[in-house]
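# Architecture and fold: a report
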Amino acid sequence: MIELIPAIDIIDGRCVRLSQGDYTQKKIYPSSPVEMARRFADCGIKRLHVVDLDGAKAGEPVNLGIMEKIAALGLFRTEWGGGIKSRSSLESVIAAGADYPVIGSIAATKPELMEELLADYSNIILGADLRNGQIAVNGWIENTSLTINNLIERFAPHGLRDVICTDISKDGMLQGPSTPLYISLAREYPSITFTVSGGISSMKDIKELDKLKLSRVIVGKAIYEGRITLTEIQQYIKKQCQPKE
């Protein structure tokens, strides 16, 4: 079954969700990031996606104290994205407890550094954020002329194996994911594990992605808006753990 990965996006130490990556379209939720992490753990979740939106804008991690608190729970493998723009910031994220640093802007703007980091760290995930088919960087504020194919073909020979691909136009809109994009990528690059990100609106979306044998899916706003309940997540995880007949 496809692995369901809840997202926790952070601004000013609080859980938020943006629409289409627009910081002016921000909704704040009452639960703290650590409280949400505990709730996800109670559902049986084993992998968590955390985004430091402050860090993405600042160009360096800002909310590492929260990462330390989540890591201290000892309940997850944790992905951390936002603000990893240098080797030192990557090291600080790992030191705070992140299992999988998610790097996006460096890959597009400093490809030689990305190659060096891939050679030195086997746990790096490429965060490929697409707007109209082109890579967006620096908290989705700036566009580039690069495509996801450009990045994969450059970095796969240097050890890239995991990619989170977000369709910005779908993110936070609860209108369903860009399924044809992920099918195409999975077929074209079978050695890469792709994570679906953006647009998930219901468990139906997740089940349809599962039927297509996609590997992972990040779910954010659908949870916070009650479109997918914690009970549904718990039931889904329980089903994943049942032995196959």
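In this report, we go over the structure that sits alongside the text. (Residues numbered from 1 in each chain as written. Predicted model: local features only at pLDDT ≥ 70, side-chain atom pairs only at ≥ 80, totals over all residues. Heavy atoms only, no water.)

### Some points on unusual backbone geometry
The residue N132 is not glycine, and still its phi comes out positive at about 55°. Its place among the elements puts N132 in the loop between strand 7 (125–131) and strand 8 (134–137). For K213, which is not glycine, the phi torsion reads 65° and is therefore positive. On the secondary structure map, K213 appears in the loop between helix 9 (203–211) and strand 12 (216–219). Residue class for K213 comes out exposed when judged on its relative accessible area of 75%. (Helix = DSSP H or I, 4+ residues; strand = E, 2+ residues; numbered from the N terminus. Buried < 20%, exposed > 50% of the residue type's maximum accessible area, 1.4 Å probe, protein only.)

### Here's the deal with the pairing of strand 2 (residues 14–19)
For strand 2, the buried fraction is high: five of the six residues fall into the buried class. Note that strand 1 (residues 3–11) and strand 2 share three bridges and pair antiparallel. Of the residues in strand 2, the one forming a bridge with I10 is C15. Between strand 1 and strand 2, which pair antiparallel in sequence order, lie two residues; one of them, D12, sits at a positive phi of approximately 55°. Alignment of strand 2 against strand 3 (residues 22–28), held across four bridges, turns out to be antiparallel. Bridge pairing in strand 3 places L18 opposite K26. Count of turn residues in the strand 2/strand 3 antiparallel hairpin: two residues, of which Q20 carries a positive phi of about 55°. (Pairing = 2+ DSSP bridges.)

### Considering the environment of C43
Looking at where C43 falls in the secondary structure, it is placed in helix 1 (residues 33–43). Each C-alpha atom, one on C43 and one on I237, is 7.3 Å from the other, the two residues being 194 residues apart in sequence. If we ignore the near neighbours within four places in the chain, the residues touching C43 are L230, I233, Q234 and I237. (Contact = heavy atoms within 4.5 Å.)

### What about the environment of D99?
As for its placement among the helices and strands, D99 is situated in the loop between helix 4 (87–95) and strand 6 (100–103). In sequence terms D99 and W80 are 19 residues apart; their C-alpha atoms lie 7.8 Å from each other. Not counting the four nearest positions on each side in its chain, D99 is found in contact with F76, R77, T78 and N123. Here the side chain of D99 touches T78 through a polar contact of 2.7 Å, landing on its backbone nitrogen. (Polar contact = N/O pair within 3.5 Å; in protein donor to acceptor, adjacent residues only side chain to side chain.)

### Looking at the packing of aromatic side chains
What characterises a pair of aromatic rings is the spacing of the ring centres plus the angle enclosed by the ring planes. Inspection of every chain in the model, using the stated rule, returns one aromatic pair. Note on Y29 and Y224: the rings are 5.1 Å apart at their centroids and 40° apart in plane angle, and the pair reads as tilted. Taken together, the positions of Y29 in the loop between strand 3 and helix 1 and Y224 in helix 10 (residues 221–224) put the pair 195 residues apart, joining distant regions of the chain. The ring of Y100 carries the charged tip of R47 above its face, separated from the ring centre by 4.1 Å. In this structure, K57 is placed above the aromatic ring of Y23, and the distance from its NZ or CZ to the ring centre is 4.7 Å. (Phe/Tyr/Trp six-rings, centres within 6.5 Å; stacked < 30°, edge-to-face > 60°. Lys NZ or Arg CZ within 6 Å of the ring centre and 35° of its normal.)

### Quick notes on the pattern of salt bridges
One pass over the full model with this rule turns up 11 salt bridges. The salt bridge partner of R87 is D120, with a shortest N-O separation of 3.0 Å. Residue R87 is found in helix 4, and its partner D120 is found in helix 6 (residues 111–120); the two are separated by 33 residues along the sequence. For R87, a relative accessible area of 27% corresponds to the partly exposed category. One salt bridge connects E115 with R154, and the closest N-O pair in it is separated by 2.8 Å. You can see E115 sitting in helix 6 and its partner R154 sitting in helix 7 (residues 148–155), a full 39 residues away along the chain. A relative accessible area of 18% places E115 in the buried class. Here R154 falls in the partly exposed class, since its relative accessible area comes to 35%. Here the salt bridges do not stand alone but share partners, grouping E3, R77, D162 and R216 into one network. (Salt bridge = Lys/Arg side-chain N within 4 Å of Asp/Glu carboxyl O.)

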